[in-house]
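# Structural characterization, general
Given next are the chains, with one letter for each unit.
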Amino acid sequence: MSDIGRDRRGAWRAALACMVTLAVAMGLGRFAFTPMLPIMLHEGKLQLEAGGVLASLNYLGYFLGAVSCAAIGIQAKTMVRGGLVATAALLVGMGVLHSFTSWGILRTAAGVMSAWVFVFASGWGLRRLAETHSPALAGVIYTGPGIGIAMTGLLGGALGRWGSEAGWIGLGLLAVVLVALIWRVFDDGELPSGQGSAGAPSAQAGAAASPSARSDAVWLVALYGLAGFGYIITATFLPVIARQALPGSPWPDFFWPLFGLAIIPGALIGARAPVHWDNRLLLAAAYALQALGVVLSVAWPTITGFALGSLLLGMPFTAITLFAMRDARRLRGNAAAGLIGYATASYGVGQIIGPLFAAPLAQRTGSFELPLLVAAAALALGSVLFAVVWSKSRRKVAL
C-alpha cells in the first residue's frame, strides 16, 4: 500500500473511531437522560424539579471535567479508553441503582467522563488527521454527538417500554459494544504523555495581546455562556415539553433523535466554512437559528413546529463550538488553550443554570413557555452582541 493510501486509511480509522467515541461519551453518556427523563417521570421515580437537579449535576460534572483537563498528564489513549469504560458502567448503574443520591453521583461522574473523553479524543483525533494529511475529516469526528443523540432518542424510548431500568442498562450494553469496536484504533501512532491536555497560555503571549484582542476575548467568554444557557433547556426537556403540548401523540419521542440527526450536517457544513469568514458573524447567525428553533416550540406547538424547531436547534449545535474555538485561536494563536478553557467554563455555567432555572418554574406554572422564551431571548441577545462586536472591530480597522 502506498504512503498516500496508508495515510488515507489511517485518517478514516481515526475520524470514525473518534466519531464513535463522541457518540458514546456525549450522545449516550451525557444526553441519554433526555429521552429517559419522561419515562422516569411517568414511573413516578422522579419529580420534574428533581429531574432538573440531576441534569444540572451532569452539566456540573462536565464543567469540572473540562477545567481539570489542564492538570492531567496522562496519555490520551488511556484517558479516552478509561472514560469510555466508565461511561458504559455509569449508564448501567443508572438502571441498577435506585436512590436519588446514587443517581446524582452517577450523573455528575458521567459529566466528568464526557468532558475528559471529548477533550482527549478531540486532541488525539485532530493530531492523527494532521499526521495523515486529512484535516478536512474533522467534521466527521464532530458528527459523533449527533449520532449518539439520535441513538439515545430512538433506542431509549424503545427500551424504556420495558421500564427505565431496562432502558439504562440497554444503553450501557450498547456502549460496551461500540467501545469494543474501536478499542484498538487508539494504538495508532505514537501518543506522547499528556497529548490532548490543555495547557495554560504563556505569560508572554497574554502580555502581548492588544487591548482590542483582550476585549474580544472577554466578549467571547461571556457570550459563549449564553449559548450554553440558551440551548440546554430544550436539550434537557424536549420530550417532556413535546408531550405536554401533544398529549397522546406518538411524535414527541421522535423530536429528540431529529435534533441529533440535524447535528450531523451542521457539523460537516460548519467544518468547511472558509477560515477567512469572520467567526463572530458565523456565531451570530448560529445563535439566531437556535433562538428561532426555541421560539418555534412556544409559538407553534404542533408536530411541524417541533420538527422545525429541533432542526434549527440541532444544526448549529457543534458548529457553534467549532466557530468559538476558531475565534479563540484567532485571538491567541497557539496559546489559545487558556481562553478555550475559560470559554468552555462559561458555557458549562450556562448549562448548569438552565435546568435549575427552568424545572422549578415549569413545575409551578405547569408550562415551559416562560423558561423557553427566556432561553430564546438569551440566544437572540448573544446573536445581536456578536454582530455589534464585529461591527465595532470593523470600524476600528477602517480608522
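Owing to the predicted nature of the structure, the values given are computational and were not obtained by experimental measurement.

Of the regular secondary structure elements, the protein holds 16 helices and zero strands. In summary, the protein has a C-alpha radius of gyration of 20 Å against a globular reference of 21 Å for 399 residues, a match within 12%. Referenced to the eigenvectors of the C-alpha coordinate spread, the extents of the protein come out at roughly 55 × 55 × 35 Å. When burial is assessed residue by residue, the protein has 54% of its 399 residues classed as buried. Long-range pairs, those at least 24 residues apart, make up 85% of the contacts in the protein with a sequence separation of at least 6. Within the protein, the 14 negative side-chain charges are centred at a point lying 6 Å from the centre of the 26 positive side-chain charges.

Another point: the environment of Ala222. Relative to the assigned elements, Ala222 resides in helix 10 (residues 211-245). The class for Ala222 is partly exposed, based on a relative accessible area of 43%. Remark: the alpha-carbon pair of Ala222 and Met315, spanning 93 residues in sequence, is separated by 22 Å.

On to the side chain of Thr108, then. Tracing the sequence through the fold places Thr108 in helix 5 (residues 100-131). On the basis of relative accessibility, which here comes to 18%, the residue Thr108 falls in the buried class. Those residues within four positions of Thr108 in sequence are excluded, and the remaining contacts are Leu57, Asn58 and Gly61.

The next subject is the pattern of salt bridges. In the structure shown here, the tally under the stated rule is 11 salt bridges. Linking Asp187 and Arg81 is a salt bridge whose minimum nitrogen-to-oxygen distance equals 3.1 Å. Separated by 106 residues along the polypeptide, Asp187 in the loop between helix 8 (164-182) and helix 9 (203-208) and Arg81 in helix 4 (residues 76-96) bring together distant segments of the chain. By relative accessible area, Asp187 is classed as partly exposed at 40%. The network of salt bridges with shared partners includes Asp216, Asp278, Arg280, Asp327 and Arg330.

The subject of this paragraph is a nonpolar patch on the surface. On the surface, a cluster of nonpolar side chains totalling about 460 Å² of accessible area is made up of Leu154, Leu155, Trp251, Phe254 and Ile303. Examined against the element boundaries, Ile303 turns out to sit in helix 13 (residues 303-314).

A rise of 1.5 Å per residue sets the reference length of helix 10, with its 35 residues, at 51 Å; its end C-alpha atoms lie 49 Å apart and thus fit the reference within 8%. At Phe237, helix 10 shows its largest bend, some 75 degrees, and a proline, Pro239, comes one to four positions later.

For any pair of aromatic rings, the description rests on two quantities: the centre-to-centre distance and the angle between the ring planes. One pass over the structure, following the stated rule, counts 14 aromatic pairs. Consider the rings of Phe229 and Phe357, whose centres lie 5.9 Å apart with planes at 50 degrees: the pair is tilted. Of this pair, Phe229 sits in helix 10 while Phe357 sits in helix 15 (residues 337-365); the two residues are 128 residues apart in sequence, bridging distant segments of the chain. Measuring from centroid to centroid gives 5.0 Å for Phe237 and Phe368, while their planes differ by 35 degrees, and the two rings are tilted. Taken together, the residues Phe237 in helix 10 and Phe368 in the loop between helix 15 and helix 16 (369-398) connect sequence positions 131 residues apart. By relative accessible area, Phe368 is classed as buried at 2%. A connected cluster of aromatic rings, assembled from ring pairs, spans Phe31, Tyr224, Tyr231, Trp256, Phe259, Phe317 and Tyr347.

This next bit is on the packing of helix 4 against helix 8. Angle between the axes and distance between the axes are the two parameters that describe a pair of packed helices. At their nearest, the axes of helix 4 and helix 8 sit 7 Å apart, and the two run at 165 degrees to each other. Judged on the interaxial angle alone, helix 8 and helix 4 are roughly antiparallel. The element helix 4 and its partner helix 8 pack so that their crossing is left-handed. When helix 4 is examined against helix 8, the residues Leu84, Ala88, Leu91, Val92, Met94, Gly95 and Val96 are found in contact with a partner set consisting of Glu165, Trp168, Ile169, Leu171, Gly172, Leu173, Ala175, Val176, Val179 and Ile182. Partitioned by chemical class, the residues of the contact of helix 4 with helix 8 number 14 nonpolar, two polar and one charged.

Further remarks concern the state of the cysteines. With the rule as written, the count across this model stands at zero disulfides. Left unpaired, Cys18 is separated from the closest cysteine sulfur, that of Cys69, by 15 Å. The exposure class assigned to Cys69 is buried, which follows from its relative accessible area of 1%.

Further remarks concern the nonpolar core. Formed by 117 residues in total, the largest nonpolar core has its most connected members in Ile233, Phe237 and Phe368. A per-element tally of this core places helix 10 first, with 16 residues. Beyond its immediate stretch of four places on either side in the chain, Phe368 contacts Leu48, Ile233, Phe237, Val240, Ile241, Gln244, Ala358 and Ala362.

Attention shifts here to the environment of Asp253. Of note, Asp253 is situated in helix 11 (residues 252-271). When its relative accessible area of 27% is taken as the criterion, Asp253 is described as partly exposed. Expressed as a C-alpha distance, the spacing of Asp253 and Trp162, which sit 91 residues apart in the sequence, is 15 Å. Dropping the residues within four chain positions of it, Asp253 is found in contact with Gly153 and Arg243. A polar contact is formed between the side chain of Asp253 and the side chain of Arg243, at a distance of 2.6 Å.

Here is what the cut-offs are and how they apply
- Residues numbered from 1 in each chain as written.
- Predicted model: local features only at pLDDT ≥ 70, side-chain atom pairs only at ≥ 80, totals over all residues.
- Heavy atoms only, no water.
- Helix = DSSP H or I, 4+ residues; strand = E, 2+ residues; numbered from the N terminus.
- Rg over C-alpha atoms; globule rule 2.2 N^0.38 Å.
- Buried < 20%, exposed > 50% of the residue type's maximum accessible area, 1.4 Å probe, protein only.
- Contact = heavy atoms within 4.5 Å.
- Lys, Arg positive; Asp, Glu negative; His and termini not counted.
- Charge placed at Lys NZ, Arg CZ, Asp CG, Glu CD.
- Salt bridge = Lys/Arg side-chain N within 4 Å of Asp/Glu carboxyl O.
- Patch = residues over 30% accessible without salt bridge, like charges linked within 9 Å, V, L, I, M, F, W, Y side chains within 5 Å.
- Areas by Shrake-Rupley, 256 points an atom, 1.4 Å probe, with all protein chains shown as cover.
- Expected span 1.5 Å × (residues − 1).
- Bend = angle between axes of the 7 residues up to and from the residue.
- Phe/Tyr/Trp six-rings, centres within 6.5 Å; stacked < 30°, edge-to-face > 60°.
- Axes fitted to C-alpha atoms, helices over the stretch in contact; angles between N-to-C directions.
- Parallel < 35°, antiparallel > 145°, perpendicular 65-115°, else oblique.
- Left-handed = near helix turned anticlockwise from the far one by under 90°.
- Nonpolar A, V, L, I, M, F, W, Y, C, P; charged D, E, K, R; others polar.
- Disulfide = S-S within 2.5 Å.
- Core = buried A, V, L, I, M, F, W, Y, C linked by side-chain atoms within 4.5 Å.
- Polar contact = N/O pair within 3.5 Å; in protein donor to acceptor, adjacent residues only side chain to side chain.

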